[in-house]
Amino acid sequence: MANGHYFDYDAPASSFIDIETMSHSLSNMCRFTGHCSVLYTVAQHSWLMSTIVPREDGLYALLHEAGEPVTGDINKPLKMRLPDLEVVENEDQRAILLQFGLDPDRRPASIKPADWCLLATEQRDFMPKRRVTRWDALGFAIEWEDLPPQQWALTAGVTPLPERIVAWPPEHANRMFLARFRELMLEALPHLGRPGAPTFDRPPRFDFSNAAKPVAGAADFAQLQASLGH
């Protein structure tokens, strides 16, 4: 991994992944196995997820792809055909969430509908148009037409966000992911054990002694929050 440690898939709980390593990986990873019209990172997807769920669910939403730094962003149709692979992914996700102090068995109910909403939004904003080409007898293209992307069964009937997503460069996605993590952790720590707060399985291993430092990208965060009506 980017932190120099080896991830043991046979014993994921024994492997160490820190938030910087997770953010580095997710900000260099394109959604939809790289088939987007532009580079749109899993880190930005996760950041957006954390802004459209209720505030108290934000930390779970930000880390809802915590297993992907070690499994990659495997598309859902493929995972549905490979149940053993999904088991491995879930085991890795569980182990990593526990490292960050979150109880994987208490994932908020808001996560799945928010993920579907973003999926529909991302399909609209980042999937290339569907090109229909007509060929002559010699195999040369004589005309073509660009149509909207084919409707996915997974997003049928799902309403996307009204605003269009603008993809961030990987470096910016990395900064925003880390800033959002720090922001949400600072909010969660004083409220541990209270109803509605994230449930920590054990004390998270992070140093917040520099808590007064301004959060990088706060202006971007405020702007998007306003655009989403939060």
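Our structure's up above, just so we're on the same page.
Quick look at the structure, then.

1. Some remarks on helix α2 (residues 42-52)
Here comes step 1: Along α2, 11 of the 11 residues are buried, which leaves the element largely enclosed by surrounding structure.
Here comes step 2: The set of residues buried in α2 consists of V42, A43, Q44, H45, S46, W47, L48, M49, S50, T51 and I52.

2. Some words on the packing of helix α1 (residues 19-27) against helix α8 (residues 170-188)
Here comes step 1: With their axes 9 Å apart at the nearest point, α1 and α8 run at an angle of 145° to one another. Along this stretch, α1 crosses α8, giving a crossing that reads as right-handed. Within the contact between the two elements, α1 uses I19, E20, M22, S23, H24, L26 and S27 and α8 uses P170, A173, N174, F177, L178 and F181.
Here comes step 2: For the contact of α1 with α8, the class distribution of residues is 8 nonpolar, 4 polar and 1 charged.

3. Concerning a nonpolar patch on the surface
Here comes step 1: Residues L78, L82 and L85 make up a contiguous nonpolar surface patch of about 210 Å² in total accessible area.
Here comes step 2: For L78, the position within the fold is in helix α5 (residues 76-81).

4. Quick word on the side chain of D92
Here comes step 1: Along the polypeptide, D92 turns up in helix α6 (residues 83-99).
Here comes step 2: Lacking a salt bridge, the buried D92 has R94 as its closest oppositely charged neighbour, with an N-O distance of 11 Å.
Here comes step 3: Those residues in contact with D92, other than ones at most four positions away along the chain, are F7, Y9, P12, V70 and T71.

5. Notes on the nonpolar core
Here comes step 1: In terms of nonpolar packing, the biggest core is built from 44 residues, with M22, L63, I96, F100, F177 and F181 touching the most fellow members.
Here comes step 2: Setting aside residues no more than four positions away along its own chain, I96 makes contact with F7, I17, M22, A66, G67 and V70.

6. Things to note about the pattern of salt bridges
Here comes step 1: In the structure shown here, the tally under the stated rule is 9 salt bridges.
Here comes step 2: As a salt-bridge pair, R55 and E187 come within 2.3 Å of each other at their nearest N and O atoms. Of this pair, R55 sits in the loop between α2 and α3 (58-62) while E187 sits in helix α8, and the two are 132 residues apart along the sequence.
Here comes step 3: Given a relative accessible area of 36%, R55 falls into the partly exposed group.
Here comes step 4: For E187, a relative accessible area of 32% corresponds to the partly exposed category.
Here comes step 5: Here R164 makes a salt bridge to D125, at a shortest N to O gap of 3.2 Å. Residue R164 is found in the loop between β2 (141-147) and α8, and its partner D125 is found in helix α7 (residues 111-126); the two are separated by 39 residues along the sequence.
Here comes step 6: Residue class for R164 comes out exposed when judged on its relative accessible area of 55%.
Here comes step 7: Through salt bridges with shared partners, a single ionic network connects R55, R180, E183 and E187.

7. A short note on the packing of aromatic side chains
Here comes step 1: The final tally for this structure, using the stated rule, is 4 aromatic pairs.
Here comes step 2: Relative to Y9, the ring of F7 lies with its centre 5.0 Å away and its plane at 70°, an arrangement referred to as edge-to-face.
Here comes step 3: For F7, a relative accessible area of 4% gives the class buried.
Here comes step 4: Judged by relative accessible area, which is 38%, Y9 ranks as partly exposed.
Here comes step 5: Ring centres of W47 and W168 lie 4.9 Å apart, and the angle between their planes is 65°; this geometry places the pair in the edge-to-face category. Note that W47 is positioned in helix α2 and W168 in the loop between β2 and α8, a separation of 121 residues in sequence. Each member of the pair, W47 together with W168, is buried.
Here comes step 6: Taking NZ or CZ as reference, R31 lies 4.9 Å from the ring centre of F32, over its face.

Calculation rules
- Residues numbered from 1 in each chain as written.
- Predicted model: local features only at pLDDT ≥ 70, side-chain atom pairs only at ≥ 80, totals over all residues.
- Heavy atoms only, no water.
- Buried < 20%, exposed > 50% of the residue type's maximum accessible area, 1.4 Å probe, protein only.
- Helix = DSSP H or I, 4+ residues; strand = E, 2+ residues; numbered from the N terminus.
- Axes fitted to C-alpha atoms, helices over the stretch in contact; angles between N-to-C directions.
- Left-handed = near helix turned anticlockwise from the far one by under 90°.
- Contact = heavy atoms within 4.5 Å.
- Nonpolar A, V, L, I, M, F, W, Y, C, P; charged D, E, K, R; others polar.
- Patch = residues over 30% accessible without salt bridge, like charges linked within 9 Å, V, L, I, M, F, W, Y side chains within 5 Å.
- Areas by Shrake-Rupley, 256 points an atom, 1.4 Å probe, with all protein chains shown as cover.
- Salt bridge = Lys/Arg side-chain N within 4 Å of Asp/Glu carboxyl O.
- Lys, Arg positive; Asp, Glu negative; His and termini not counted.
- Core = buried A, V, L, I, M, F, W, Y, C linked by side-chain atoms within 4.5 Å.
- Phe/Tyr/Trp six-rings, centres within 6.5 Å; stacked < 30°, edge-to-face > 60°.
- Lys NZ or Arg CZ within 6 Å of the ring centre and 35° of its normal.

Function cannot be read off these values alone, since they describe shape.
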